[in-house]
Amino acid sequence: AIKTTSLLRFSSVTSISRSISTLILAEHDGGAIKSQSISAVEAAKSVDKQTSISLLLAGSGPSLQQAAAHAASCHPSISQVLVADSDKFTHPLAETWARLVQLVQQKGEYSHIITASNSFGKNILPRAAALLDVSPITDVIAISSSNQFVRPIYAGNALCTVRYSGSNPCMLSVRSTSFAVSVDLKSNEAPISQVDLSTFDEDFVGKSRYINHTAQVTERPDLGNAQVVITGGRALKSAENFKMIEKLAEKLGAAVGATRAAVDAGFVPNDLQVGQTGKIVAPKLYMAFGVSGAIQHLAGIRDSKVIVAVNKDADAPIFQVADYGLVGDLFEVIPELLEKLPEK
Ligand code: FAD
């Protein structure tokens, strides 16, 4: 009897080698799929070029239907769009979503479940993984095979290769900055099907309750995807002074970022925080004003193409990673830049 049990265990351990099909947990807003979710589709292609990719969307009403239509057309590798349309999903509560993933997995038996490593994905993935009794692999930046992944550790100072040997599904969150979209994004007509929610057990969902949602309305690019990011640190000294960073960002069509010290001091809200416990960015140009360059901050900017730093301390660690450095007082440098740069 003991031998039979261990054989059964062994067969479940190797079940990942079955044919590969991927479920993407996708986020939508204003009737469109968010770009980080489209990067998750790119990651699925790295798991296996031939994988069938189902995109799961949840919500209610016309904006969901619009997002489903966008999902069906936005990426040529999407095989189908699964839509869970119910007022249970009007607000994206992680517990409700996790239960939905469990329900869909029972019917679909996907080998891989992938989501973006952003607030949406980080909130849902561990809960869904717990319900499905698997260990998720988070923050994946490279995929070497269907069960081998690379993720940063020690605040990005080392890369760790992880081999997944658990049972299906293999659950991943991926950094969108590492999976750039490389295809024409308007060339598909994937079928859209509704998820059967008749067995969705609401009592199961439990304790969370939606209260409200506040978002900053801004015309600036999204920090996670911006081509240019202008970041201010503690040296800005106040929320009032931080407006200089915002003005500079406006002139350069850039997103605004901040260090944790600037966020903790209340200069800007915490959704602007860049770093290990904030957003990971990979712009073409990253400009840091009055930022010391702590490892936790650098963990969020390592993939930037060009880093420019302005700091009055010539020994500040930020200069070790900067491509261009200026030792100077930001209260002199920024006004001069603002004066010299043309209006947008
Ligand atoms: P400081 O380190 O105080 O640096 C200010 C810099 O401004 C100095 O180098 C100074 O020389 C320069 N300066 C001062 N005045 C001027 C001036 N007039 N002109 C030009 N330069 C000037 N930090 C993050 O940013 N993101 C994270 O995600 C993050 N996660 C963390 C997670 C953990 C678990 C921990 C422990 C810390 C984390 N931190 C994070 C905090 C991090 O360790 C640093 O404390 C923080 O990044 C420092 O922010 P700063 O560079 O703005 O401030």
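The protein carries the name Electron transfer flavoprotein subunit alpha in an unreviewed UniProt entry, which gives Salix viminalis as its organism. Check the Subunit (unreviewed entry) section of the UniProt entry for the protein; it says "Heterodimer of an alpha and a beta subunit."

Asks: An account of the overall build of the protein is requested, with residue identities and associated values reported.
Replies: When helices and strands are tallied, the protein shows 11 helices and 17 strands. Against the compact-globule benchmark of 20 Å for 344 residues, the protein has a radius of gyration of 22 Å, which places it among compact chains. Seen through its principal axes, the protein has C-alpha atoms that stretch 75 × 50 × 40 Å. Across the 344 residues of the protein, 47% fall into the buried class. Contacts spanning at least 24 positions in sequence make up 68% of the contacts within the protein whose residues lie at least 6 apart. As displayed, the protein has an accessible area near 17300 Å², and 51% of this comes from carbon and sulfur atoms. The centroid of the 31 positive side-chain charges in the protein is displaced by 6 Å from the centroid of its 32 negative side-chain charges.

Asks: I'd like a description of the site of the ligand, backed by residues and values.
Replies: Inspection of the region around the ligand gives 25 residues, with Arg234, Thr259, Thr277, Ser292 and Asn311 positioned closest. At a separation of 2.9 Å, an oxygen atom of the ligand approaches a polar side-chain atom of His297. When the ligand is considered free in solution it has 990 Å² of accessible area, and contact with the protein chains removes 76% of it. If you list the elements that add at least two residues to the shell around the ligand, you get helix 8 (260-264), helix 9 (295-298) and helix 11 (330-340). Considered class by class, the residues forming the shell around the ligand number seven nonpolar, 13 polar and five charged.

Asks: Lay out the sheet that holds strand 6 (residues 112-116) with the relevant residues and their values.
Replies: Pairing in this open sheet of seven strands is parallel, and the strands run 7-11-6-1-4-5-12 from one edge to the other. Lying at the two open borders of the sheet, with one neighbouring strand each, are strand 7 (137-140) and strand 12 (192-194). Taking each pair of neighbouring strands and ignoring which way they run, the sheet shows an average axis angle of 25°. In this structure, strand 5 (residues 78-85) lies alongside strand 12, joined through three bridges in parallel fashion. Paired with Val83 across the bridge in strand 12 is Gln194. In this fold helix 3 (residues 62-74) packs onto strand 4 (52-59), strand 5 and strand 12, with an angle of close to 170° to the strand it touches most, strand 5.

Asks: Kindly report on the nonpolar core, identifying the contributing residues and their values.
Replies: By size, the foremost hydrophobic cluster in this structure holds 60 residues, and its most contacted members are Leu57 and Leu100. The element best represented in this core is helix 4 (residues 94-108), accounting for seven residues. With 24 residues, the next largest nonpolar core counts Leu236, Val256, Ala258 and Val308 among its residues.

Asks: Tell me what's going on with the state of the cysteines, and back it up with residues and numbers.
Replies: On inspection of all chains with the given rule, the structure shows zero disulfides. Considering cysteine sulfurs only, Cys170 is the nearest to Cys160, which forms no disulfide, with 14 Å between them. Here Cys160 falls in the partly exposed class, since its relative accessible area comes to 24%.

Asks: Could you give an account of the pattern of salt bridges, with specific residues and numbers?
Replies: Counting across every chain of the model gives nine salt bridges. Its salt-bridge partner being Lys243, residue Glu240 comes within 3.2 Å of it at the nearest N-O pair. Highlighted residues: Glu240 and Lys243, both in helix 7 (residues 239-252), separated by three residues, approximately one helical turn. Judged by relative accessible area, which is 41%, Lys243 ranks as partly exposed.

Asks: Provide a residue-level description of the environment of Ser79, including the pertinent values.
Replies: Along the chain, Ser79 turns up in strand 5. Between the C-alpha atom of Ser79 and that of Arg234, which follows or precedes it by 155 residues, the distance is 47 Å.

The rules behind each value
- Residues numbered from 1 in each chain as written.
- Predicted model: local features only at pLDDT ≥ 70, side-chain atom pairs only at ≥ 80, totals over all residues.
- Heavy atoms only, no water.
- UniProt positions renumbered as here; feature names shortened; annotations may be inferred.
- Helix = DSSP H or I, 4+ residues; strand = E, 2+ residues; numbered from the N terminus.
- Rg over C-alpha atoms; globule rule 2.2 N^0.38 Å.
- Buried < 20%, exposed > 50% of the residue type's maximum accessible area, 1.4 Å probe, protein only.
- Contact = heavy atoms within 4.5 Å.
- Areas by Shrake-Rupley, 256 points an atom, 1.4 Å probe, with all protein chains shown as cover.
- Lys, Arg positive; Asp, Glu negative; His and termini not counted.
- Charge placed at Lys NZ, Arg CZ, Asp CG, Glu CD.
- Near = heavy atom within 4 Å.
- Polar contact = N/O pair within 3.5 Å; in protein donor to acceptor, adjacent residues only side chain to side chain.
- Nonpolar A, V, L, I, M, F, W, Y, C, P; charged D, E, K, R; others polar.
- Pairing = 2+ DSSP bridges.
- Axes fitted to C-alpha atoms, helices over the stretch in contact; angles between N-to-C directions.
- Core = buried A, V, L, I, M, F, W, Y, C linked by side-chain atoms within 4.5 Å.
- Disulfide = S-S within 2.5 Å.
- Salt bridge = Lys/Arg side-chain N within 4 Å of Asp/Glu carboxyl O.

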